[in-house]
Number of protein chains: 2
Amino acid sequence: MKNKKYIKGFLEDIVLHLINEQDEMYGYEITKKVQNLTKGAIAVSEGALYPILHKLENEKKLTATFKKVDGRTRKYYTITPEGGKTVASSSTELIDFFSGMQQIFNLKPVVK
Amino acid sequence: MKNKKYIKGFLEDIVLHLINEQDEMYGYEITKKVQNLTKGAIAVSEGALYPILHKLENEKKLTATFKKVDGRTRKYYTITPEGGKTVASSSTELIDFFSGMQQIFNLKPVVK
DNA sequence: TTTCATACCTAAGAATCAAATGTATTATAA
DNA sequence: TTATAATACATTTGATTCTTAGGTATGAAA
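Thresholds, definitions, all that
- Residues numbered from 1 in each chain as written.
- Chains lettered and ligands numbered in written order.
- Predicted model: local features only at pLDDT ≥ 70, side-chain atom pairs only at ≥ 80, totals over all residues.
- Heavy atoms only, no water.
- Pairing = 2+ DSSP bridges.
- Helix = DSSP H or I, 4+ residues; strand = E, 2+ residues; numbered from the N terminus.
- Axes fitted to C-alpha atoms, helices over the stretch in contact; angles between N-to-C directions.
- Contact = heavy atoms within 4.5 Å.
- Buried area = accessible area lost by both parts, 1.4 Å probe.
- Salt bridge = Lys/Arg side-chain N within 4 Å of Asp/Glu carboxyl O.
- Nonpolar A, V, L, I, M, F, W, Y, C, P; charged D, E, K, R; others polar.
- Polar contact = N/O pair within 3.5 Å; in protein donor to acceptor, adjacent residues only side chain to side chain.
- Near = heavy atom within 4 Å.
- Core = buried A, V, L, I, M, F, W, Y, C linked by side-chain atoms within 4.5 Å.
- Buried < 20%, exposed > 50% of the residue type's maximum accessible area, 1.4 Å probe, protein only.

Asks: Can you tell me about the sheet that holds strand 2 (residues 62-69) of chain B, naming the residues and giving the values?
Replies: All names here are of chain B. Across the sheet, three strands lie side by side as 1-3-2; this open sheet has antiparallel pairing. Each edge of the sheet is formed by a strand with only one pairing partner; in this case those strands are strand 1 (24-26) and strand 2. With direction set aside, neighbouring strand axes in the sheet form an average angle of 35 degrees. As paired elements, strand 2 and strand 3 (residues 72-79) share eight bridges and run antiparallel to each other. Looking at strand 3, one finds that Ala64 is bridged to Tyr77.

Asks: Mind laying out the interface of chain B and chain A, listing which residues take part and the relevant values?
Replies: On the chain A side, the residues contacting the 37 residues of chain B number 37 residues. Buried surface at the junction of chain B and chain A, summed over both partners, amounts to about 3600 Å²; 72% is from carbon and sulfur atoms. At the junction of chain B with chain A, the criterion picks out two salt bridges. Residue Lys5(B) is joined to Asp13(A) by a salt bridge in which the shortest nitrogen-to-oxygen separation is 3.4 Å. For the side of chain B that touches chain A, the secondary-structure elements that each account for two or more residues are helix 1 (11-22), helix 2 (27-37) and helix 4 (81-104) of chain B. Sorting elements by how many residues they give to the side of chain B that touches chain A places helix 4 of chain B first, with 11 residues. Taken together, the residues of the side of chain B that touches chain A sort by class into 19 nonpolar, nine polar and nine charged.

Asks: Kindly report on the side chain of Thr80(B), identifying the contributing residues and their values.
Replies: All names here are of chain B. Mapped onto the secondary structure, Thr80 falls in the loop between strand 3 and helix 4. Separated by 2.6 Å, the side chain of Thr80 and the backbone oxygen of Lys60 make a polar contact. For Thr80, the residues in contact, after removing those within four places along its chain, are Lys60, Lys61, Leu62 and Thr63.

Asks: Account for the protein's contact with DNA strand D, with residues named and values stated.
Replies: Around DNA strand D sit 27 residues in total, of which Ser45(A), Tyr26(B), Tyr28(B), Glu46(B) and Arg74(B) are the nearest. For DNA strand D, the fraction of protein-proximal atoms (within 4 Å) that sit in sugar or phosphate groups is 68%. Residue Gly9(A) places a main-chain N or O atom 2.8 Å away from a phosphate oxygen belonging to DNA strand D. The element best represented in the surface near DNA strand D is helix 3 (residues 46-58) of chain B, accounting for five residues. Residues that form the surface near DNA strand D fall into these classes: nine nonpolar, eight polar and 10 charged.

Asks: Residues and numbers for the nonpolar core, please.
Replies: Counting 58 residues, the largest nonpolar core has Phe10(A) and Phe10(B) as the members making the most contacts within it. Setting aside residues up to four positions removed in sequence, Phe10(B) forms contacts with Tyr6(A), Phe10(A), Phe97(A), Met101(A), Leu94(B), Phe97(B) and Phe98(B).

Asks: Hey, could you go over the protein's contact with DNA strand C for me, with residue numbers and the actual values?
Replies: Around DNA strand C, a shell composed of 26 residues is seen, among which Tyr26(A), Tyr28(A), Arg74(A), Gly9(B) and Ser45(B) lie nearest. Note that a phosphate oxygen of DNA strand C is positioned 2.5 Å from one of the backbone N or O atoms of Tyr28(A). One nitrogen or oxygen atom from the main chain of Gly9(B) is found 2.8 Å from a phosphate oxygen belonging to DNA strand C. Of all elements in the fold, only helix 2 (27-37), helix 3 (46-58) and strand 3 (72-79) of chain A together with helix 3 of chain B reach the threshold of two or more residues within the surface near DNA strand C. Ranked by the residues each element gives to the surface near DNA strand C, the list is headed by helix 3 of chain A, at five residues. Each residue belonging to the surface near DNA strand C can be placed in one class, and the counts come to nine nonpolar, eight polar and nine charged.

Pasting the structure below:
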């Protein structure tokens, strides 16, 4: 499993972005979602994920409710208006960063 | 100056890639090159850069020679065959990572 | 009945970078 | 002419962020 180091700094953005898109998600679901979307290229470790979810909840960017599904307790997270602002602003930062990386590595443009 | 946190994990790749492309570069030149290429979106701090250059030199991925230009001493770095291998392999990892990020953030494809 | 998948969580440590600081030279501006 | 900015190297301290490893518990499959 490579690409471990590359995820540094992106985890929070990934989490907020995915929850923002799906309305509600639980932690374990996020790890699987990232695996599927990236075909295993990017892995989110639980040791990193849960502390970030708690931090975002603490910062009122996410709210959470427990639900019992098939005997298992899931903690569902939803984005707050506050969290929505963060998603929007970090999205432009991400695009700037990726554009920069493309210039450095001369890849084709990502976003138009 | 944003995007600070995003650079984590990429610095070594950036350094190797740029030196690989330009044949030889010195540290200060790298910081300026990144600024210009990315229009300020990405900044390489010297506190991070120099230790990485020394580390890569130590690992025999770079070799260095001092040259005096206009009264100023520059330390020019060149890539080694060893370093070339690292560039090649990390390049595919980078592409995988970026492809993954595009899937997550549904942006347009970077590489063909 | 044991193992795998699901689902939550925390603690300790490593890795990586930013900020600050330091030295020295040259060029520019006041 | 003298102060400041730009060039060019470097180190140290500390913060942030993740990995590794561990722990608990349930349900399904072998």
